[in-house]
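Structure assessment
Okay, here's what each chain looks like letter by letter:
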Amino acid sequence: MNNSAQSAKRPHILVSNDDGIGAPGILALVEALVDVADVSVIAPDRERSASSHALTMTKPLRIFERRFSVPVRRAVAVDGTPADCVKLGILELLADDRPDLVVSGVNRGANLGVDVYYSGTVAAAMEGLFEGIPAMAFSLSHHDGPEFDFSVVKPWIRRLVPWYLGLHPDPSTLINVNVPAIPAGAIKGLRTTRLGRGRYLNPFDHRRDPRGHPYYWMAGTLEVLDQAPEADLVAVRSGWVSLTPIAVARTDDAQRERLGAILDKAGLCRPAGS
Ligand code: MN
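Here we summarise the structure given alongside this text. (Residues numbered from 1 in each chain as written. Predicted model: local features only at pLDDT ≥ 70, side-chain atom pairs only at ≥ 80, totals over all residues. Heavy atoms only, no water.)

So, on to the pairing of strand β5 (residues 101–108). Within a regular beta strand, the side chains point alternately toward one face of the sheet and then the other, so they alternate between its two faces. Buried residues dominate β5, accounting for 7 of its 8 residues. As judged from the 4 bridges shared by strand β1 (residues 12–16) and β5, these two strands associate in the parallel manner. Looking at β5, one finds that I13 is bridged to L101. Where β5 and strand β6 (residues 135–140) come together, 5 bridges link them in parallel fashion. (Buried < 20%, exposed > 50% of the residue type's maximum accessible area, 1.4 Å probe, protein only. Helix = DSSP H or I, 4+ residues; strand = E, 2+ residues; numbered from the N terminus. Pairing = 2+ DSSP bridges.)

This is the structure we're talking about:
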């Protein structure tokens, strides 16, 4: 077997994130993946955390080929959002080299519970699903302090990505993985979880600038409202790696039927004005 036939067997993974192409978390992700896959990196040129699923419609998207410190097929910085990067990657930049999987992260901070609605990391993975490609997101949780050691996530990437590819998953579900920021030996193992309910207390820090004008800085501390062991927030705080399958389909079918009957009974399904 020649080299091209061997390399053709390796899966092709599109990597993105929301912390920017220069973030240490995306480097850790690529370092873990190059052992098992060919990797293309297409990521924002700067931090775009909490940009959710925003797309850039009112300006062009510029691309910048980058060198990456580990061997990848291609590394491209885009002056857009995480969702822009994955959409542009699949439909244009990698149009002749379609990825088998999209992997986003490793995010600097947890994406648990309600976080997933704001997260650019999760949105980048979700964009892969929208384009028909299975996807995973990895995040490193933390409790206090600025230090993040992304090496604790690497063995979980090396275990979970080949496992998931081997399932030949269909692109209807996102695999959202959060690893607790504790020493690797202290991690209890992995649990499948559901998105837990939580909310941020005191999200706005009210300060004054040097000229006395007020400004607000969003932060807050998370209050966990769902204490069930299968809640993702609880699992990570208890020292478990959390794996949550998140469905793309968001329609509430039970409510669709219930509200349909109520609307019909109230006469609100007739043409307006009749
Ligand atoms: Mn981020």
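Once that is clear, we can look at helix α3 (residues 82–93). Across the 12 residues of α3, 9 count as buried, placing the element largely inside the fold. The complete set of buried residues in α3 reads P82, A83, D84, C85, V86, L88, G89, I90 and L93. Buried residues along α3 sit against β1, β2 (38–44), β3 (63–65), β4 (74–78), β5 and α5 (120–130). (Contact = heavy atoms within 4.5 Å.)

For the rest of this paragraph, the subject is a nonpolar patch on the surface. The grouping of V114, Y117, Y118 and Y200 at the surface amounts to a nonpolar patch, some 400 Å² of accessible area in total. With respect to the helices and strands, the residue Y200 is situated in strand β9 (residues 198–201). For Y200, a relative accessible area of 34% puts it in the partly exposed group. (Patch = residues over 30% accessible without salt bridge, like charges linked within 9 Å, V, L, I, M, F, W, Y side chains within 5 Å. Areas by Shrake-Rupley, 256 points an atom, 1.4 Å probe, with all protein chains shown as cover. Salt bridge = Lys/Arg side-chain N within 4 Å of Asp/Glu carboxyl O.)

Under the counting rule described, the total for this entry stands at 3 aromatic pairs. Taken together, a centroid distance of 5.7 Å and an interplanar angle of 40° make the contact between W163 and Y164 tilted. Plain terms: the ring middles of F204 and Y216 are 6.5 Å apart, the flat faces sit at 90° to each other, and that makes the pair edge-to-face. Of the two residues, F204 is situated in strand β10 (residues 204–208) and Y216 in strand β11 (residues 214–218); the sequence distance between them amounts to 12 residues. Across the pair, Y216 and F204 agree in class, each one exposed. For the cation-ring pair, R159 lies above W156, with the distance from its terminal atom to the ring centre recorded as 4.6 Å. (Phe/Tyr/Trp six-rings, centres within 6.5 Å; stacked < 30°, edge-to-face > 60°. Lys NZ or Arg CZ within 6 Å of the ring centre and 35° of its normal.)

Function cannot be read off these values alone, since they describe shape.
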